[in-house]
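Descriptive structure summary
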4 protein chains.
Amino acid sequence: MILEKITSEGIAHNSYLLGSRNEAAVIDPRRDGEVYVQRARALGLKITSIFETHRNEDYVIGSMDLSRITGASIFHGTHLAFSYGTGVSEGDVVPLGSLEITVLETPGHTEESISLAVRERDVSDEVLMIFTGDALFAGDVGRTDFYPLQKEGMAGKLHASIWTKILSLGDGVVIYPAHGEGSSCGEAISDREITTVGYEKKGNPLLRMNRKEFIDYKVREHHYTPPYFRKMEELNIRGAPLLTGIPLLRPLSPTEIRDYRAAGAQIVDIRAPTSFGGGFIPGSISIWREGLATFIGWMLTYQDPIILIDDFNLDLDRVTRQFLRLGYDNLLGYCAGGFPAWFKAGFEMEVIEQWTPPMIHERLDPSLYLLDVRSIGNWNTMGHIKGAHHCWVGELRDHLDEIPKDRLVVAYCDAGYKGNMAASLLRKEGYPRVVNLLGGMAAWKQYRYEIIR
Amino acid sequence: MILEKITSEGIAHNSYLLGSRNEAAVIDPRRDGEVYVQRARALGLKITSIFETHRNEDYVIGSMDLSRITGASIFHGTHLAFSYGTGVSEGDVVPLGSLEITVLETPGHTEESISLAVRERDVSDEVLMIFTGDALFAGDVGRTDFYPLQKEGMAGKLHASIWTKILSLGDGVVIYPAHGEGSSCGEAISDREITTVGYEKKGNPLLRMNRKEFIDYKVREHHYTPPYFRKMEELNIRGAPLLTGIPLLRPLSPTEIRDYRAAGAQIVDIRAPTSFGGGFIPGSISIWREGLATFIGWMLTYQDPIILIDDFNLDLDRVTRQFLRLGYDNLLGYCAGGFPAWFKAGFEMEVIEQWTPPMIHERLDPSLYLLDVRSIGNWNTMGHIKGAHHCWVGELRDHLDEIPKDRLVVAYCDAGYKGNMAASLLRKEGYPRVVNLLGGMAAWKQYRYEIIR
Amino acid sequence: MILEKITSEGIAHNSYLLGSRNEAAVIDPRRDGEVYVQRARALGLKITSIFETHRNEDYVIGSMDLSRITGASIFHGTHLAFSYGTGVSEGDVVPLGSLEITVLETPGHTEESISLAVRERDVSDEVLMIFTGDALFAGDVGRTDFYPLQKEGMAGKLHASIWTKILSLGDGVVIYPAHGEGSSCGEAISDREITTVGYEKKGNPLLRMNRKEFIDYKVREHHYTPPYFRKMEELNIRGAPLLTGIPLLRPLSPTEIRDYRAAGAQIVDIRAPTSFGGGFIPGSISIWREGLATFIGWMLTYQDPIILIDDFNLDLDRVTRQFLRLGYDNLLGYCAGGFPAWFKAGFEMEVIEQWTPPMIHERLDPSLYLLDVRSIGNWNTMGHIKGAHHCWVGELRDHLDEIPKDRLVVAYCDAGYKGNMAASLLRKEGYPRVVNLLGGMAAWKQYRYEIIR
Amino acid sequence: MILEKITSEGIAHNSYLLGSRNEAAVIDPRRDGEVYVQRARALGLKITSIFETHRNEDYVIGSMDLSRITGASIFHGTHLAFSYGTGVSEGDVVPLGSLEITVLETPGHTEESISLAVRERDVSDEVLMIFTGDALFAGDVGRTDFYPLQKEGMAGKLHASIWTKILSLGDGVVIYPAHGEGSSCGEAISDREITTVGYEKKGNPLLRMNRKEFIDYKVREHHYTPPYFRKMEELNIRGAPLLTGIPLLRPLSPTEIRDYRAAGAQIVDIRAPTSFGGGFIPGSISIWREGLATFIGWMLTYQDPIILIDDFNLDLDRVTRQFLRLGYDNLLGYCAGGFPAWFKAGFEMEVIEQWTPPMIHERLDPSLYLLDVRSIGNWNTMGHIKGAHHCWVGELRDHLDEIPKDRLVVAYCDAGYKGNMAASLLRKEGYPRVVNLLGGMAAWKQYRYEIIR
């Protein structure tokens, strides 16, 4: 047996390559799927089945691309009208080498969600492992808020799915969920790399609730839903445009960038906060390299073309993939020569000051507008700076009328990245005076300055 | 948390990179260890500890190399006099980010064997996972035959270690052993990629025995011990020569190879059986590319330099690693231009005919000497061709006096690789007429020819 | 200035990336053109122009693909009705950074052939280098036999182009031709990596002839024209299908291969001669890995799908490119598990004996049919084995009626590769008894056996 | 024949792999020489000779490492007492496949300098190409200032070498020098990628002078000599420490960096100017990624360990090579997590403002101290900002007493990189107020502000 987890960074999406005796299945493949094909080749496997645990909301699924290359069959649940693939129902069995994959219907996160229980029939009739999709995570369970009018109903279904279908399989069953820590599909997903039914029963707080507590908790729970989810839902029901290789980005000159920007292109600066703050193209949005997967879906439109700004243009292939996984096929190019090409051309640049905690602490007075852009969860549980106003960075654009243009705005967040992103957005929206708190609340804490809870 | 399994192909050795909050530990690192450093860099981790579950017999451990690069501490059991590292005992705890690694002494395979139990203290006091070294595998347990006079004692210790220390941790604990299927450290290791205490209790036949049955079984069990194990034991107690990068092999001309061969160099042909059989340099040993890790330790000496023969010399870096992992630092080079350079130079070549099952079946008569070179286990359980003589390929060199030189020797094995290796050895030893059964018993079975049990 | 030569192995095609001050031109790009884009990115260049020195016959040109990615303009000569790009004429100048590229019309190989003279105007008015396409090579000149009725006219035009346009530029001008040694676009192209007008005047035998001698020589000259040239001509006038990444081949099981073969698929075995000879799938054509670019265009059809056979399936990406460059988009897949998967499945296999020179010399008698498959040039100038019959391997299929089926056919060539290819073709065509001379005439010579001239 | 130029970026050093009929020579190999071995393997070549055109001053030569791996012989001139290799003299011939390499003694740059003329004897007795080392470059000639008391003598020798030995070979000879544009071994080396004797006669201004003019010019010429040259001279005469693979750098935590810095470690920030300016570790020297090869030899000591700071730690292998090539084996590690780890830890950081031309122009008054850190050549020929003081950035440390600490220092250079490096040095040396002119004179010019000549 072979089991490899292929994780897409940023969105914390787990896909799996499961192999046995020269055959392989892929569970929840991502769009840039050559990794599955290459691993299968290296391992001497032929991919014969592709499973979708549910219609994913947070990335473009790559089933159709992978099926085109490999000839594999696509399987998913029956309770949604997919334009492609084959529906499977409770109890259906798909053999894979010496393994047996049994479909369990586990609705709750969505109606068509399925889990996949794996047995080695020549060893034991017990289940060895289960792919739980978005039903059960390490330390958390799936969101049940996608059908706003049926929150209670979905939460009830999820409870039934978890207790009846999954926990009942026995403590020794290994759990492979579709997401890890950092996913927007679950706020409290643990970072543990592996887990079992037995361990979750002890370590997952949701699983220690009774049915009522569970449903109440899930109904009250708050989740952010990035606007790009809608696009994913569309693409993942009818199948996304096929991807044939990772496109090579076009190098653009400063003059071209200036012109494209004037015509509406989105300028995304992928450098770190201090690097951005030290000088950037006016109108840029700061989304650092490692934050792309999480934030482009909040910050960027699907219509206007996108231009990337870096200093040395290293490893842009990996950057490109972050966009493709979220369906952003509108990447126009990148600044050839990096940001220095811009200032060498003598074009206008802006600066956002990055203030250390002492600099802010010194000047704390009502003339500052302190803007906390962390999640509401962190605001609530971890406290904030006295006098701060809260607005989640993802929703900032819809709340600009609450933020005064005539005061110095100090944006801050957990560690200084999102604050800088917020600051870049405000500058783009015409705020003349914006600074970022370097290191965010993490650094603020190190200085033992006052935190309000 | 981060957990990556890094497997060394062929020897089926598992090492692990375990990370938490920017710190990492490596368990049982292999000698060519840049993979740990590179993964750690990519994941933003600093390697701070290295654990050896026991003094390994089947590969050169890379602890000292890895410690030199990273500055990490090396930990191993106390019941053996290692020349390096720090001894740890039952109950010792090494923190790693938010994790806690607790040492469990689990002797039986060797005296100094330890297992490592991992807890997330902020989640639960239960153990999440355990690294069991060579104590417990998926479907099997560790060998207890390394101290021939204490087989019973060691088996008893292993039983105690498994039952008292490991199984008692609870069904939901995930097990990460040091070996997978195909290792010479356990004949019956299952190919399952992951397992738990709960699953092993059900699926591991050894764990369904009582103590007496277990000890009896272990005492009677037969294992092969390749001669290179002795060398590994030496190197792994005092520390192997440090490796600084994978050496680049020297390209050699046919003339150089002829001369080195005359001076005693070992010629290793890494092509597939039919490719070897179609033409090879006289005196070559056939060990196909993917069989190197398993067979060089049986077939080659540490003294005489080694020369590789391939057709296109692709991916020799990977080939080189197989040798280094077993301490074969005496690689001289490879045939520039591949085997064709040899025949283009007009040098002498030999051929070993590859016979299909019908060709052999047709000619089966007492003039043939049928030589079965599979493991004694396969000979016993899966039957053999009528009239065949058995000798494990690894021990062939010590049994040449049993094999007649004046008859046509037909070597065969499971699928045709080891048979060809045996045939190459016999040719080297002066047997004039040797052929190989193509496809081995697997193909023989397909033709439904008689099998004696 | 930057100048990089990108050579496509096998077809010995040279393309060039010429850069100056952040701009670049590509001359005669190949189809799998990401190399230009990646080099340009690494060098900080933006590709702005693409030049085709002529409508190429021997590979699919990648201009349209490259233009799509980069936005660069495509330029070619005006004397052919291309469906794309812009025509340029004598004296047209395209600036590139601080360089100046001047078009010289240099017909003779084809009517629309152009050469490109490069000047650094801020240094000198002299020409620094010239891209000569197929007009002038190191040691040879372009073919003039593509318009069979105008051989003399084309030869005259070529003479004029070389003498008037190129040689007149001065001895110090560096020459960059479209082909190197081994191309089918010139039998006698030298292997020198670089040359100049001055050196060619001394070292190129064609340039020491007078006009009449030159034309006579060119009219009499013999060239082989592989059948695939026709396909290239079609594709390169209207533009080939766009390529988006190198396709990932499908792994196929022995059973699938057997079935596809029955349905007409072409089986191409890419191993070396002895490896092929030791065992192969009946009906395979032997074209070793490094001979693909040269021979698939002779041996394979564009209609029937193609399946690759190797032992270890290493570096298939590079193999795939050889096919794409010649427009063979009909690659179906490869044998998962390599040729051993075939014999392990117990399927039928064939063998072609590889005879060393002494083995053949011993048996030389009229019962053998000696088949020399080298080029007619080598047959004429280097002598042959007594009693041999000549037929160029590329044309063998059209001359089967001359080769007796009831005799043992001994195929031979220069070094043993083409002979084996011929042998495989004969076996496919039903010849029961075929062997190959290992090492070909090269090895024959080493044994000092008789050679007839 | 095969000829590949392997260029080391930054120092603009050219080495060459010359191959013919399975043999290869390497001319002036760099220290990290696996590229030669790998290319040779891919091309089927065996490296048999290594030539050093002279004892190099600007990088560590890799001859001994390469010889160790390949067994090749090392050749260099006889007029210096090397501790290794074999001396060759005027007229010595080293055969290489079908080529002939003839040694020409061409002193002038150094006493032991040689050039290597290459002939194809089977084609012509003319020379095809010549490797000229540091005797003759495209557009320039070698430095003659290394023996301060013999400037005139060396210039005379160089004149004789060029005119008698090189130019006399004929216009069509291709020239391959040891350096390209940007090397500190010649201020005016052209960027042309290829050249010939004929072209240089026309395009190289030095070659249009008579002997007296030439010597006068060379004697008067000004060159910078970085302090690290002395170290290179030592290493290259006795052989540098052998390099076995590119060392993997250690990841360091902010705390470790703080402590190492306190103990004297050199902090090198490899980000671009604005990124550095936006926030950096106090005491850092700013040497952007692409400037390392040129400036570490001016800025860093060989004693104190070196720590690298980047944002995302991408492609550090390539960065490491820049240091090794100059003999800086004292790389300690890099900041794990990048510069953001520093500010997240709440450690102190500094900022250097990056002013655009208008910002400086506005404030131009005597209270500013304008510091021009370009080469004296650029200062002289291209003009400067009114009121500026000149000091080459490489020599800044020796002229600190000329620069006032109590004024705002505005550093500027050609494009904004060296100015920032100078600013970082001044901050490290305790200057409280320093800014950099973004875009340097290039941007200043774009604004058409006054330039003094």
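Conventions adopted
Residues numbered from 1 in each chain as written. Chains lettered and ligands numbered in written order. Predicted model: local features only at pLDDT ≥ 70, side-chain atom pairs only at ≥ 80, totals over all residues. Heavy atoms only, no water. Helix = DSSP H or I, 4+ residues; strand = E, 2+ residues; numbered from the N terminus. Rg over C-alpha atoms; globule rule 2.2 N^0.38 Å. Contact = heavy atoms within 4.5 Å. Areas by Shrake-Rupley, 256 points an atom, 1.4 Å probe, with all protein chains shown as cover. Lys, Arg positive; Asp, Glu negative; His and termini not counted. Charge placed at Lys NZ, Arg CZ, Asp CG, Glu CD. Pairing = 2+ DSSP bridges. Axes fitted to C-alpha atoms, helices over the stretch in contact; angles between N-to-C directions. Least-squares fit on C-alpha atoms with pLDDT ≥ 70 in both. Buried area = accessible area lost by both parts, 1.4 Å probe. Salt bridge = Lys/Arg side-chain N within 4 Å of Asp/Glu carboxyl O. Polar contact = N/O pair within 3.5 Å; in protein donor to acceptor, adjacent residues only side chain to side chain. Nonpolar A, V, L, I, M, F, W, Y, C, P; charged D, E, K, R; others polar. Disulfide = S-S within 2.5 Å. Buried < 20%, exposed > 50% of the residue type's maximum accessible area, 1.4 Å probe, protein only. pLDDT = per-residue confidence, 0-100. Parallel < 35°, antiparallel > 145°, perpendicular 65-115°, else oblique. Left-handed = near helix turned anticlockwise from the far one by under 90°.

Thoughts on the overall build of chain A
When helices and strands are counted, chain A shows 15 helices and 24 strands. For chain A, the C-alpha radius of gyration of 24 Å lies close to 22 Å, the compact-globule estimate for 453 residues. Each principal axis of the C-alpha atoms in chain A carries an extent, and together these give about 70 × 50 × 35 Å. Within chain A, counting contacts between residues at least 6 apart in sequence, those at least 24 apart form 69% of the total. Counting every atom, chain A has about 15500 Å² of accessible surface; 49% of that belongs to carbon and sulfur. Computed over 48 positive and 59 negative side-chain charges, the separation of the two mean positions in chain A equals 2 Å.

Considerations on the sheet that holds strand β24 (residues 434-437) of chain C
Residues and elements named next belong to chain C. Judged by pairing direction, the sheet is parallel, and its five strands sit side by side in the order β20-β24-β23-β21-β22 without closing on themselves. This sheet does not close on itself; its edge strands, each paired only once, are β20 (353-355) and β22 (389-390). Contacting β20, β21 (368-372), β23 (408-412) and β24, helix α14 (residues 417-428) runs over the sheet at an angle of about 175° to β24.

Some details on the side chain of Ser98 of chain C
Positionally, Ser98 of chain C belongs in the loop between β7 (93-96) and β8 (99-105). In contact with Ser98 of chain C, other than residues within four places in its own chain, are Ser20, Arg21, Arg119, Glu120, Arg121 and Asp122 of chain C.

Re the relation of the copies chain A and chain D
For the match of chain A to chain D, the screw axis carries a shift of 0.0 Å, the RMSD comes to 0.0 Å, and the turn is 180°. In short, the pair behaves as if placed about a two-fold rotation axis. Most of the interface of chain A is mirrored in chain D, where 100% of its interface residues again form contacts.

Concerning the interface of chain A and chain D
On the chain D side, the residues contacting the 31 residues of chain A number 31 residues. Both sides of the chain A and chain D interface together cover about 2600 Å² of buried area, and 66% of this is carbon and sulfur. On inspection of chain A and its partner chain D, the count reaches zero salt bridges. Summed over the shared surface of chain A and chain D, the number is five residue pairs in polar contact (both at pLDDT 80 or more). Looking at the side of chain A that touches chain D, the elements with two or more residues in it are α8 (273-277), α11 (339-344) and α15 (440-446) of chain A. If you tally residues by element for the side of chain A that touches chain D, the top one is α11 of chain A, at four residues. Its residues assigned to classes, the side of chain A that touches chain D shows 17 nonpolar, eight polar and six charged.

A closer look at the interface of chain B and chain D
Between chain B and chain D, the contact holds 21 residues from the first and 21 residues from the second. Taking both partners together, chain B and chain D bury about 1800 Å²; carbon and sulfur atoms supply 56% of that area. Three residues, Arg41, Lys46 and Leu248 of chain B, lead the burial of chain B against chain D; their summed loss comes to 38% of the area buried on that side. For the pair chain B and chain D, the number of links is two salt bridges. For Lys46 of chain B, the salt bridge identified is with Glu256 of chain D, shortest N-O distance 3.6 Å. Taken together, the connections running from chain B to chain D amount to four residue pairs in polar contact (both at pLDDT 80 or more). At the level of secondary structure, the elements contributing two or more residues to the side of chain B that touches chain D comprise α1 (34-42), α2 (63-70), β15 (250-252) and α10 (316-325) of chain B. For the side of chain B that touches chain D, the element with the highest residue contribution is α1 of chain B, accounting for four residues. Classifying every residue of the side of chain B that touches chain D by side-chain character gives eight nonpolar, six polar and seven charged.

Let's talk about the state of the cysteines
Across all of its chains, the model carries zero disulfides over all chains by this definition. Unpaired in this structure, Cys335 of chain A has its nearest cysteine sulfur neighbour in Cys413 of chain D, at a distance of 18 Å. There is no disulfide at Cys391 of chain D, and the cysteine sulfur nearest it, in Cys413 of chain D, is 13 Å away. Exposure remark for Cys391 of chain D: the relative accessible area of 8% places this residue in the buried category.

Some details on the confidence of the model for chain A
Across chain A, pLDDT averages 94, with 100% of residues at or above 70. With pTM at 0.92, the complex prediction returns an ipTM value of 0.92.

Topic: the packing of helix α3 (residues 151-166) of chain D against helix α5 (residues 211-220) of chain D
Residue and element names in this part refer to chain D. Where α3 contacts α5, the two axes come as close as 9 Å, and the packing angle between them is 135°. With respect to α5, the element α3 is oriented oblique. Seen along the crossing, α3 lies across α5 with a hand that is right-handed. Contacts from Lys151, Glu152, Ala155, Gly156, Leu158, His159, Ala160, Ile162 and Trp163 in α3 reach Arg211, Phe214, Ile215, Lys218 and Val219 in α5. Broken down by class, the residue content of the contact of α3 with α5 amounts to eight nonpolar, two polar and four charged.

Describing the relation of the copies chain B and chain D
With an RMSD of 0.0 Å, chain B superimposes on chain D once it is rotated by 180° and translated 0.0 Å along the axis. Taken as a fraction of all interface residues of chain B, those also at the interface in chain D reach 100%, which identifies the copy contact as same-surface.

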